[in-house]
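Residue-level structure breakdown
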Amino acid sequence: MPVISFDLQYALELVGTYFFAISGALAVQNREHDLFGAGFTGFITAIGGGSLRDILLGAYPLVWIGNIDFLYAIFAGLITTFVFFPVVAKLRKTFFLFDTLGIAFFTILGVEKTLALGFRPEVAAIMGMFSAVMGGVIRDTLTNEIPILFRKEIYASACLAGAVVYLIMNHCGTERNSNLLLSIVLIILIRLVAVRFKLSLPTLK
């Protein structure tokens, strides 16, 4: 594997972990939680999806246990939230922004890891989605919210669409770094457009 590809993937994994830690910590805003509670929620949000993916795939040690850099990324996200909270809290739709960036990064990286372990593309698409959304499901459960996965929003489906596009472009021989970035941008755009225009999938009636 070319060094540049590894560096890009590794950087995106750390950045995604950082964003998810921030989104988890921000989830307890305006609730009766102390800094420890906010930090714990941020930590669980950051590791939840990737840990579940690795457990299901039998990939040990879990990524945040085997590589200390991921813990540093989580701590950096928490420190950013605590130290710059007055600034971060004033940014419009900050929570949505960090959550969207997190799911976009984790989806594609989950797909890549699953493929690298020798699993079929269909499994890789599902594991990519799991990597992205399960941390948020745990976060919402801890904060007594209906998990966003079960709300009338295009969320997990955006992740699945990005994963499928990545797999198609990978099959067609698209350069890996370009594929990574394009698929991540696609997920972000789907989420932004869906929220902006209040789009949702049909419901069972």
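A short tour of the structure in this document, coming up. In this text, all values refer to a predicted model and were calculated from it rather than measured experimentally. (Residues numbered from 1 in each chain as written. Predicted model: local features only at pLDDT ≥ 70, side-chain atom pairs only at ≥ 80, totals over all residues. Heavy atoms only, no water.)

**Some words on the overall build of the protein chain**
From N to C terminus, the protein chain includes nine helices and zero strands. Going from N to C terminus, the protein chain has its helices and strands arranged as α-α-α-α-α-α-α-α-α. In terms of C-alpha radius of gyration, the protein chain reaches 16 Å, essentially the compact-globule figure of 17 Å for 205 residues. With the principal axes as the frame, the protein chain shows a C-alpha extent of 50 × 45 × 30 Å. Taken over 205 residues, the protein chain has a buried fraction of 48%. Within the protein chain, counting contacts between residues at least 6 apart in sequence, those at least 24 apart form 74% of the total. A total of about 10,700 Å² of accessible surface is found on the protein chain, and carbon and sulfur atoms cover 70% of it. Taken together, the 15 basic and 13 acidic charged side chains of the protein chain have centroids lying 11 Å from each other. (Helix = DSSP H or I, 4+ residues; strand = E, 2+ residues; numbered from the N terminus. Rg over C-alpha atoms; globule rule 2.2 N^0.38 Å. Buried < 20%, exposed > 50% of the residue type's maximum accessible area, 1.4 Å probe, protein only. Contact = heavy atoms within 4.5 Å. Areas by Shrake-Rupley, 256 points an atom, 1.4 Å probe, with all protein chains shown as cover. Lys, Arg positive; Asp, Glu negative; His and termini not counted. Charge placed at Lys NZ, Arg CZ, Asp CG, Glu CD.)

**Observations concerning the packing of aromatic side chains**
Under the defined criterion, the tally for this structure stands at six aromatic pairs. Relative to F98, the ring of F19 lies with its centre 5.5 Å away and its plane at 40 degrees, an arrangement referred to as tilted. With a gap of 79 residues between them, F19 in helix α1 (residues 3-26) and F98 in helix α6 (residues 94-116) connect regions that are remote in the sequence. Overall, F19 belongs to the buried group, its relative accessible area being 14%. Linked through ring pairs, Y18, F19, F98 and F105 together constitute an aromatic cluster. Here R196 stacks its cationic end above the ring of F197, 5.2 Å away from the centre of that ring. (Phe/Tyr/Trp six-rings, centres within 6.5 Å; stacked < 30°, edge-to-face > 60°. Lys NZ or Arg CZ within 6 Å of the ring centre and 35° of its normal.)

**Things to note about the pattern of salt bridges**
In the structure shown here, the tally under the stated rule is eight salt bridges. Between D99 and R139 there is a salt bridge, and its shortest N-O distance comes to 2.9 Å. With D99 in helix α6 and R139 in helix α7 (residues 121-142), this pair connects stretches of sequence that are 40 residues apart. Judged by relative accessible area, which is 2%, D99 ranks as buried. Using a relative accessible area of 1% as the deciding quantity, one classes R139 as buried. Linking R176 and E112 is a salt bridge whose minimum nitrogen-to-oxygen distance equals 2.5 Å. Remark: E112 occurs in helix α6 and R176 occurs in helix α9 (residues 176-196); sequence separation between them is 64 residues. The residues R176 and E112 share a single accessibility class, namely buried. Through salt bridges with shared partners, a single network forms among D99, R139, D140 and R151. (Salt bridge = Lys/Arg side-chain N within 4 Å of Asp/Glu carboxyl O.)

**Things to note about the nonpolar core**
Side chains of nonpolar character tend, in soluble globular proteins, to be buried together. Judged by nonpolar contacts, the single largest core of 45 residues is most densely connected at I74, I103, F105, V133 and I184. Among the elements of the structure, α1, α2 (35-57), α4 (68-83), α6, α7, α8 (156-171) and α9 are those that each provide at least two residues to this core. Among the elements that make up this core, the one with the highest residue count is α6 (nine residues). With sequence-adjacent residues up to four places away left out, I74 is seen in contact with T17, A21, F43, A46 and I47. (Core = buried A, V, L, I, M, F, W, Y, C linked by side-chain atoms within 4.5 Å.)

**Considering a nonpolar patch on the surface**
On the surface, L35, I68, Y72, F75, I79, F82, V83, F84 and V87 cluster together into a nonpolar patch covering about 910 Å² of accessible area. The leading source of residues in the nonpolar patch is α4, at six residues. Note that F82 resides in helix α4. (Patch = residues over 30% accessible without salt bridge, like charges linked within 9 Å, V, L, I, M, F, W, Y side chains within 5 Å.)

**Here's the deal with the packing of α8 against α9**
Across the interface, α8 lies against α9 with an axial gap of 9 Å and an inter-helix angle of 155 degrees. When the axes of α8 and α9 are compared, the pair comes out roughly antiparallel. Crossing of α8 over α9 shows right-handed handedness. Residues A158, C159, A161, G162, V165, Y166, M169 and N170 of α8 touch α9, and the partners they reach there are N179, L180, L182, S183, L186, I187, I190 and R191. In terms of residue class, the contact of α8 with α9 is built from eleven nonpolar, four polar and one charged. (Axes fitted to C-alpha atoms, helices over the stretch in contact; angles between N-to-C directions. Parallel < 35°, antiparallel > 145°, perpendicular 65-115°, else oblique. Left-handed = near helix turned anticlockwise from the far one by under 90°. Nonpolar A, V, L, I, M, F, W, Y, C, P; charged D, E, K, R; others polar.)

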